[in-house]
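Residues per chain, in single letters:
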Amino acid sequence: MSDEGGVGGRVGKGLQSLSTFGSGTTRLEIAAIIATAVIVIGGLEAALRWFEVPHYILPPPSAIAVALVGDFPLILPHLGHTLVVLLSGFAIGAGIGIFLAAIITQFPFAEKIIAPYILILVTTPMLALVPLLILRFGFGYEPRIIAVALASGPMVMINSATGFRRVDANKIALARSYGASVLQIFWKIRAPMALPMILVGLMIGAIFGLLTAVGAEMVGGGFGLGNRLTTYSSMIQMPQFFGVVLILSFLGILIYVIFFLIGKKWASWET
Amino acid sequence: MATNTSGQAKLAIRNAGKRYGAVVALEGCALEVEANTIVSIVGPSGCGKTTLLWSMSGLHALSEGEILLDGTPIVKPRPEIGLVFQEANLLPWRNLLGNILFPFEVKGQKPDRAWIDHLLERVNLKGFEKAFPNELSGGMQQRASIVRALSLRPSVLLMDEPFGALDAFTREEMNQLVEEIWLETQTTIVFITHSIEEALFLSDKVVVLTPRPGRVLNVYDVPFARPRTMEVMAGKDAFDLHHRIKADIYGQQRSGGGAAAEASGAAAAE
Ligand SMILES: Nc1ncnc2c1ncn2[C@@H]1O[C@H](COP(=O)(O)OP(=O)(O)OP(=O)(O)O)[C@@H](O)[C@H]1O
Ligand SMILES: [Mg+2]
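Here the structure is a predicted model, which means the values were calculated and not measured. (Residues numbered from 1 in each chain as written. Chains lettered and ligands numbered in written order. Predicted model: local features only at pLDDT ≥ 70, side-chain atom pairs only at ≥ 80, totals over all residues. Heavy atoms only, no water.)

1. Quick look at the overall build of chain A
Counted only if it meets this: The helix count covers DSSP runs of H or I at least four residues long, the strand count covers runs of E at least two residues long, and both are numbered beginning at the N terminus. For each residue, the accessible area found with a 1.4 Å probe, counting protein chains only, is set against the maximum for its type, and the residue is called buried under 20%, exposed over 50%, and partly exposed in between. In what follows, residue pairs with any heavy atoms lying within 4.5 Å of each other are defined as contacts. Here the Shrake-Rupley method, with its probe set to 1.4 Å, supplies the accessible areas, and only the displayed protein chains count as covering residues.
Assigned secondary structure in chain A consists of 11 helices and 0 strands. The linear arrangement of helices and strands in chain A, starting from the amino end, is α-α-α-α-α-α-α-α-α-α-α. With the principal axes as the frame, chain A shows a C-alpha extent of 75 × 55 × 30 Å. Across the 271 residues of chain A, 44% fall into the buried class. For chain A, contacts bridging at least 24 residues in sequence account for 77% of all contacts bridging at least 6. Total accessible area computed for chain A in this model is approximately 14,400 Å², and 76% of it derives from carbon and sulfur atoms.

Below, the structure is given as structure tokens:
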């Protein structure tokens with residue numbers, strides 16, 4: 001249990017190492033990445049046409065592109081709904097997560113006692129609660145937002161706590177030697193020192209939030225990208241279905257890129 | 001400004017004791033530091049040097065005894081006391097200037113930019129204000145931390161093995177820098193080191209501490225005129241002094257507490 005940061009921390013380190021992918025990519029490597037994409041997509045298109053694979057099994061990339069562009073006006077409002085659920089749930093979960101992490105790490109004894117419960121919150125798929133939440137809150141935004149907050153909050157909290165736990169006695173002594181107050185020590189030493197791990201937590205939390213938002217939309221209610229997935233697949237509109245899948249992977253990548261850039265700007269001193 | 005009335009030491013350590021639970025880090029420690037002198041403290045690892053320095057800086061309280069600055073007890077950090085840590089202890093998320101302005105930010109005080117610029121010039125760091133600590137060499141980082149400590153114009157500068165992590169050449173440069181700064185600012189410097197050469201080059205007095213419990217074994221006067229040349233430092237007097245201090249330190253390590261206590265009795269006679 002004394003393991004630094006537990007599961008979330010470990011995932012965080014994994015994602016951190018993944019970030020080497022984004023740094024120092026040369027022009028040649030970018031060209032190679034694009035060339036690979038062209039070959040894979042083109043090859044897929046050719047193979048699906050050559051073997052005459054029916055669209056309901058796997059539509060060719062061109063059909064997906066056509067469906068995505070043609071039906072985009074119909075999909076757009078659902079994207080909006082998903083974003084509302086994701087952003088508000090994530091904001092609530094992340095806010096509470098960071099706040100609790102900052103408080104709880106000040107009390108090592110209390111932290112030890114609640115650590116197992118946080119671990120349970122981190123490892124339980126909050127999607128499992130959605131049917132119950134729908135029973136209680138209906139088919140609107142509320143159950144989804146709650147599920148997203150429950151999924152992202154603990155992830156943010158466990159990683160932020162790892163960050164806040166990194167106390168450096170010398171840096172705190174430095175601040176104290178200039179007469180810094182407890183609050184100043186928090187904002188000028190502890191918080192900046194924790195920031196890299198908080199960012200990792202936010203990134204993982206946001207991705208967990210996206211998964212949970214889409215999952216919750218698939219369970220019930222007539223709107224959202226998750227709902228589109230179930231609708232399109234039940235109507236065997238596979239090009240549209242894969243179009244929505246593409247939007248979702250784009251959202252995931254966007255989350256990654258946003259936090260990667262924030263980390264590069266504000267936490268690059270770490271490496 | 002508290003003036004230093006004649007006969008009163010700048011810093012007076014009286015019967016200082018400090019325990020960490022069962023560990024007695026300091027006991028019956030007494031020492032006086034005259035104004036505008038450099039005093040070095042040497043002693044084996046774990047003998048309580050850092051503990052003593054942190055008590056002098058007001059960062060932690062003594063278990064017994066007291067430490068006076070200009071006659072008043074030090075009970076919490078005071079702006080007249082500047083502290084330089086082992087390892088530069090810069091904040092890695094701030095650039096060099098941000099690190100130097102940190103004390104002013106904490107105090108809500110307007111920085112004295114002319115003085116800071118002068119100090120930066122003095123330690124050859126002009127033009128590096130925007131650089132982050134991980135872009136600076138160890139020597140540059142330590143010079144920045146010295147500027148930070150001097151930025152508030154302290155009358156006492158406490159330095160805890162400031163150059164322990166540096167290579168021998170950088171270390172000699174830094175020693176000269178400390179001497180120059182001391183000549184210019186006329187601060188009182190307490191300097192902890194593991195290097196007897198460093199202590200002899202810099203100090204007016206060298207204090208040898210004994211371990212467990214930490215107390216003062218011997219205080220040596222270093223009479224050489226300044227600035228101290230290589231010839232003087234390589235001469236017979238310096239060699240003899242070096243040898244005596246070394247014997248003090250190694251003697252303690254081989255024979256342990258009993259002999260150290262005897263030696264401490266002998267030292268009192270000096
Ligand atoms: N916070 C603490 N809690 C418990 N024991 C401590 C603490 N700080 C120091 N000690 C103990 O007090 C003694 C003196 O420690 P101190 O750090 O002052 O030694 P030092 O002379 O500075 O050593 P070094 O040369 O290695 O820096 C040591 O035995 C150390 O283990
Ligand atoms: Mg020490």
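Back to the text.
2. Some words on the site of ligand 1
All names here are of chain B. Let me state the cut-off plainly: Note on definitions. A residue lies near a molecule or strand when any single heavy atom of the residue is within 4 Å of it. Between N or O atoms, a polar contact is any pair within 3.5 Å; within protein, one atom must be a potential hydrogen donor and the other a potential acceptor, and residues adjacent in sequence are included only when both atoms are from side chains. Nonpolar residues are Ala, Val, Leu, Ile, Met, Phe, Trp, Tyr, Cys and Pro. Charged residues are Asp, Glu, Lys and Arg, and all others, Gly as well, are polar.
Taken together, Tyr20, Ala25, Ser45, Gly46, Cys47, Gly48, Lys49, Thr50, Thr51, Glu161, His194 and Arg212 are the residues near ligand 1. The backbone of Cys47 places a nitrogen or oxygen atom 3.2 Å from an oxygen atom of ligand 1. Take Gly48: an N or O atom from its main chain is 3.0 Å from an oxygen atom of ligand 1. For ligand 1, whose free accessible area comes to 630 Å², the fraction covered by protein is 63%. Looking at the shell around ligand 1 residue by residue, the class counts come to 3 nonpolar, 6 polar and 3 charged.

3. Some remarks on the interface of chain B and chain A
Counted only if it meets this: Once two parts are joined, some of their accessible surface, as seen by a 1.4 Å probe, is lost; buried area is that loss totalled over both. Each reported salt bridge corresponds to a side-chain nitrogen of Lys or Arg within 4 Å of a carboxyl oxygen of Asp or Glu.
Contact residues are listed per partner, giving 19 residues for chain B and 19 residues for chain A. When the two sides are added together, the surface that chain B and chain A hide from each other amounts to roughly 1,800 Å², 66% of it contributed by carbon and sulfur. Taken together, the connections running from chain B to chain A amount to 1 salt bridge. For the salt bridge of Lys188 of chain A with Glu105 of chain B, the shortest nitrogen-to-oxygen distance reads 2.8 Å. The tally of links from chain B across to chain A stands at 4 residue pairs in polar contact (both at pLDDT 80 or more). When residues of the side of chain B that touches chain A are traced back to their parent elements, those giving at least two are α2 (96-107) and α4 (138-150) of chain B. No other element matches α2 of chain B, which puts 5 residues into the side of chain B that touches chain A. A per-class count over the side of chain B that touches chain A returns 13 nonpolar, 2 polar and 4 charged.

4. Looking at the packing of aromatic side chains
Our working rule: Pairing of aromatic rings covers Phe, Tyr and the six-membered ring of Trp, with a centre-to-centre limit of 6.5 Å; geometry is then stacked below 30 degrees between planes, edge-to-face above 60, and tilted otherwise. Over a ring means this: the NZ of a Lys or the CZ of an Arg is within 6 Å of the ring centre and within 35 degrees of the ring normal.
For the coordinates displayed, the defined rule picks out 9 aromatic pairs over all chains. Taking 5.1 Å as the distance between ring centres and 85 degrees as the angle between the ring planes, the aromatic pair formed by Phe186 of chain A and Trp187 of chain A counts as edge-to-face. For the pair Phe163 of chain B and Phe191 of chain B, a centre-to-centre distance of 5.9 Å together with 50 degrees between the ring planes defines the contact as tilted. Residue Phe163 of chain B is found in the loop between β7 (156-160) and α5 (168-185), and its partner Phe191 of chain B is found in strand β8 (residues 188-192); the two are separated by 28 residues along the sequence. Comparing Phe163 of chain B with Phe191 of chain B, the two get one shared label, buried. A connected cluster of aromatic rings, assembled from ring pairs, spans Phe164, Phe186 and Trp187 of chain A. One residue, Arg228 of chain A, lies across the ring of Tyr232 of chain A, its end atom 5.6 Å from the ring centre. Stacked on the ring of Trp115 of chain B, the Lys or Arg Arg153 of chain B has its end atom at 4.2 Å from the ring centre.

5. So, the environment of Tyr141 of chain A
All names here are of chain A. With respect to the helices, strands and loops of the structure, Tyr141 is situated in helix α7 (residues 141-165). By relative accessible area, which is 29% here, Tyr141 ends up partly exposed. Here Tyr141 is in contact with His81, Val84, Val85 and Phe223, once residues within four sequence places are set aside.

6. Observations regarding the packing of helix α4 (residues 72-104) of chain A against α7 of chain A
Residue and element names in this part refer to chain A. Selection criterion: What counts as an axis is a line fitted to C-alpha atoms, over the stretch in contact for a helix, and the angles between N-to-C directions run from 0 to 180 degrees. When the near helix sits turned anticlockwise from the far one by under a right angle, the crossing is termed left-handed; a clockwise turn instead gives a right-handed crossing.
Contact geometry of α4 with α7 gives a least axis separation of 6 Å together with a crossing angle of 35 degrees. Crossing angle aside, the handedness with which α4 passes α7 is right-handed. Its residues placed into classes, the contact of α4 with α7 shows 19 nonpolar, 8 polar and 1 charged.

7. Notes on the nonpolar core
Filter applied, for reference: Here, the term nonpolar core denotes a set of buried Ala, Val, Leu, Ile, Met, Phe, Trp, Tyr and Cys residues that are joined through side-chain atoms within 4.5 Å.
Leu11, Met56 and Met159 of chain B are the most contacted members of the largest nonpolar core, which has 79 residues in total. Leave out the neighbours within four places in its chain, and Met159 of chain B touches Leu53, Val84, Ile146, Val178, Ile189, Val190, Phe191 and Ile192 of chain B. Core analysis: the second largest hydrophobic core is formed by 46 residues, Ile104, Met155, Ile198 and Ala206 of chain A among them.

8. A short note on the confidence of the model for chain A
Residues and elements named next belong to chain A. The criterion, for reference: pLDDT is defined as a per-residue confidence score from the predictor, taking values between 0 and 100.
For chain A, the mean per-residue pLDDT works out to 88, and 91% of the residues sit at or above 70. Here helix α1 (residues 6-18) stands out as the least confident element of chain A, with mean pLDDT 45; α4 is the most confident, with 96. Contacts for the low-pLDDT stretch residues 1-15, under 50 throughout, to residues beyond four places or in other chains number 18 contacts.

9. Thoughts on the pattern of salt bridges
Any two side chains of opposite charge can pair if their charged atoms end up close together. Counted by the stated rule, this structure contains 20 salt bridges over all chains. Between Glu105 of chain B and Arg94 of chain B there is a salt bridge whose closest N-O contact spans 2.8 Å. In this pair, Glu105 of chain B is assigned in helix α2 and Arg94 of chain B in the loop between β6 (81-84) and α2, connecting sequence segments 11 residues apart. Judged by relative accessible area, which is 14%, Arg94 of chain B ranks as buried. Through salt bridges with shared partners, one network takes in Lys188 of chain A together with Arg94 and Glu105 of chain B.

10. Side note on a negative patch on the surface
Quick note on the threshold: Patch membership is restricted to residues that have no salt bridge and whose relative accessible area is over 30%. Joining uses 9 Å for like charges and 5 Å for the nonpolar side chains Val, Leu, Ile, Met, Phe, Trp and Tyr. The charged-residue count follows a simple rule in which Lys and Arg add positive charge and Asp and Glu add negative charge, with His and chain termini not counted at all. To locate a charge, take atom NZ for lysine, CZ for arginine, CG for aspartate or CD for glutamate.
Residues Asp167, Glu172, Glu173 and Glu197 of chain B make up a contiguous surface patch of negative charge. Tracing the chain through its elements places Glu172 of chain B in helix α5.

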